[in-house]
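# Tertiary structure, described
Residue strings, one per chain:
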Amino acid sequence: MDVVSLLVYLFLFASFNYVRVCATPLAFTLNDGNEIPAIALGTSLVLPVNHSLARAVQWALESGYKHIDTAPLYRVEDEVGLGIRNFLKDKKGDRRDLFITTKLWNDAHEMDEVVPALTTSLQELKLDYVDLYLVHYPMAYKRDGSISMTDYLETWKGMESAKNLNLTRSIGVSNFNIIQMQRLWDNSEIKPAVLQIEVNPTITQNELIDWCREHGVIVMAYSPFGAILGRKQNGPPPRADHPILTNLADKYNKSVPQILLRYLLNRRLVAIPRSTNKERIKQNIDIMDFTLTAEEIEILSSFNKNYRLRTPAKWYSHPYFPFEKKNLTDAEIQYIIEHSKED
């Protein structure tokens, strides 16, 4: 091979790999025409101490994140708002460049309760609008904790009103199953743009994700590391030291968490890692310079056990409970209800 041919070969090889790495965009287009960034900082299960979460939000935005995911349930919307304001002030940024997601909690599912609930969230965030508003769960509850029979189709009418009032640019749902998604799709004027569900190699959600692809619904993936990082010792394999994961990390000169996040992006899912550690926040978005092969995606997906990190058994009795139920006795469920620390 002469020098010219070699240079042409090297150029084509480099170009191919550049296109291959960039095949996953930094944002996905929603079915309403808006764009959603492909990585979001998650803010669930974080206890803000001395504005630690506000700092984490600011660090994330400074590191290149455009998307922050929160909810009233997490009790941190005020901290998220503070982090956003600090970033915009220090960096002289533009709110229009950011994408903020929050959610409707279970105790505000009546149609005329949706807009007031979102207004309260906006007051906490100190924002004029959010970019995405999600129904957190399909189940409605009264404020005293008793079951409400409010249909999520009625709730969705309130969500449509919120969008029409420009309080949110897009609307969607979270933790809906495929039957609920189809029913919502068939009975809505404004179609859901997003479904947020748990996805990682031990719960791949193939059928539900395929449905979403067919209907133009973007999937946001929470709990992207599942039990792999060892937070649940009774979870199925793999763990972070599994040879397949460590070999992939070595191959691409990345960490195991970065491999798991890239797995989601390769599947064209929005990843929602959470952290308040500045370096980990940076690492979690540093995944755009490599891509996994189709074979590697299949290998990681082969770990699937349909294992959920959280299945709130205290909600089993609700007719719209969206998940499979574990084999628990009534006494065990009652114990969980009485001792649950979650809302």
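See the structure shown above.
Presented here is an overview of the structure given in this document.

Analysis parameters
- Residues numbered from 1 in each chain as written.
- Predicted model: local features only at pLDDT ≥ 70, side-chain atom pairs only at ≥ 80, totals over all residues.
- Heavy atoms only, no water.
- Helix = DSSP H or I, 4+ residues; strand = E, 2+ residues; numbered from the N terminus.
- Buried < 20%, exposed > 50% of the residue type's maximum accessible area, 1.4 Å probe, protein only.
- Contact = heavy atoms within 4.5 Å.
- Areas by Shrake-Rupley, 256 points an atom, 1.4 Å probe, with all protein chains shown as cover.
- Pairing = 2+ DSSP bridges.
- Polar contact = N/O pair within 3.5 Å; in protein donor to acceptor, adjacent residues only side chain to side chain.
- Arc of directions from axis to C-beta.
- Salt bridge = Lys/Arg side-chain N within 4 Å of Asp/Glu carboxyl O.
- Axes fitted to C-alpha atoms, helices over the stretch in contact; angles between N-to-C directions.
- Parallel < 35°, antiparallel > 145°, perpendicular 65-115°, else oblique.
- Left-handed = near helix turned anticlockwise from the far one by under 90°.
- Right-handed = clockwise from strand over helix to strand, strands pointing away.

## Remarks on the overall build of the protein
Within the protein one finds twelve helices and twelve strands. Its C-alpha atoms give the protein principal-axis dimensions of about 75 × 50 × 45 Å. Looking at the protein residue by residue over its 343 residues, the buried ones come to 52%. Restricting to contacts in the protein with at least 6 residues of sequence separation, those with at least 24 account for 73%. Accessible area for the protein stands at about 16600 Å²; split by element, carbon and sulfur atoms hold 52% of it.

## Thoughts on the sheet that holds strand E12 (residues 270–271)
Read across the open sheet, the eight strands follow the order E3-E4-E5-E6-E9-E10-E11-E12; overall the sheet is parallel. Two strands bound the open sheet, and with one partner strand each, they are strand E3 (40–42) and E12. Here two bridges tie strand E9 (residues 168–174) to strand E10 (residues 194–198), and the two strands are oriented parallel to one another. If you follow Val173 over to E10, its bridge partner there is Leu195.

## Quick look at the side chain of Glu79
With respect to the helices, strands and loops of the structure, Glu79 is situated in helix H3 (residues 77–91). A polar contact is formed between the side chain of Glu79 and the backbone nitrogen of Ala54, at a distance of 3.1 Å. Here Glu79 is in contact with Pro48, His51, Ser52, Leu53 and Ala54, once residues within four sequence places are set aside.

## A word on helix H7 (residues 206–215)
Owing to its 3.6 residues per turn, the α-helix brings residues three or four apart onto one side. All buried positions along H7 are accounted for by Leu208, Ile209, Trp211 and Cys212. What you see down the axis of H7 is that its buried residues fit within an arc of 155°, all on one side. Those residues of H7 that are exposed and angled more than 90 degrees off the buried face are Glu207 and Glu214.

## Quick notes on the pattern of salt bridges
Following the criterion strictly, the structure yields twelve salt bridges and no others. Here Asp94 and Arg96 are joined by a salt bridge, their closest N and O atoms 2.8 Å apart. A relative accessible area of 27% places Asp94 in the partly exposed class. A single network of salt bridges, built from pairs that share partners, joins Lys254, Asp286 and Asp289.

## A few points about the environment of Asn187
One can find Asn187 in the loop between helix H6 (178–186) and E10. When the C-alpha atoms of Asn187 and Lys325 are compared, they prove to be 27 Å apart, with 138 residues separating the residues in sequence. Reaching out from Asn187, the side chain makes a polar contact with the backbone oxygen of Arg183 at a distance of 2.8 Å.

## Considering unusual backbone geometry
Backbone torsion omega between Pro237 and Pro238 reads 10°, so that peptide bond is classified as cis. For Pro238, the position within the fold is in the loop between strand E11 (218–222) and helix H8 (243–252). Phi at Asn175 is positive, roughly 65°, even though this residue is not glycine. With phi around 50°, Asn306 is a residue other than glycine that occupies positive phi space.

## Describing the packing of H8 against helix H11 (residues 294–301)
Running from N to C, H8 and H11 point in directions that differ by 155°, and their axes come no closer than 11 Å. Classed by the angle they form, the pair H8 and H11 counts as roughly antiparallel. Remark: the crossing between H8 and H11 carries left-handed chirality. When H8 is examined against H11, the residues Ile244, Leu245, Leu248, Lys251 and Tyr252 are found in contact with a partner set consisting of Glu296, Ile299 and Leu300.

## A closer look at the pairing of E11
In terms of burial, E11 is a largely internal element, five of the five residues being buried. Side chains Ile218, Met220 and Tyr222 of E11 all project onto a buried face; the interleaved residues Val219 and Ala221 project onto the opposite face, where all are buried too. Taken together, the five bridges between E10 and E11 define a ladder with parallel strand orientation. In the strand pairing of E11, Ile197 is matched with Ala221. The parallel pair E10 and E11 is bridged by H7, and the resulting crossover is right-handed. Note: E11 against E12, two bridges, orientation parallel. Counted as the bridge partner of Met220 is Val270 from E12.

## Quick notes on the environment of Trp59
For Trp59, the location among the structural elements is in helix H2 (residues 52–62). Look at Trp59 and you get partly exposed, because its relative accessible area is 23%. Separated by 28 residues in the primary sequence, Trp59 and Phe87 place their C-alpha atoms 8.3 Å from one another. Leave out the neighbours within four places in its chain, and Trp59 touches Thr276, Lys278 and Ile281.

## Regarding the pairing of E9
For E9, the buried fraction is high: six of the seven residues fall into the buried class. Sheet topology note: the strand E6 (residues 130–135)/E9 ladder contains five bridges and is parallel. The residue bridging Leu134 from the neighbouring strand is Gly172, located in E9. One crossover worth recording links E9 to the parallel E10 by way of H6, and it is right-handed.

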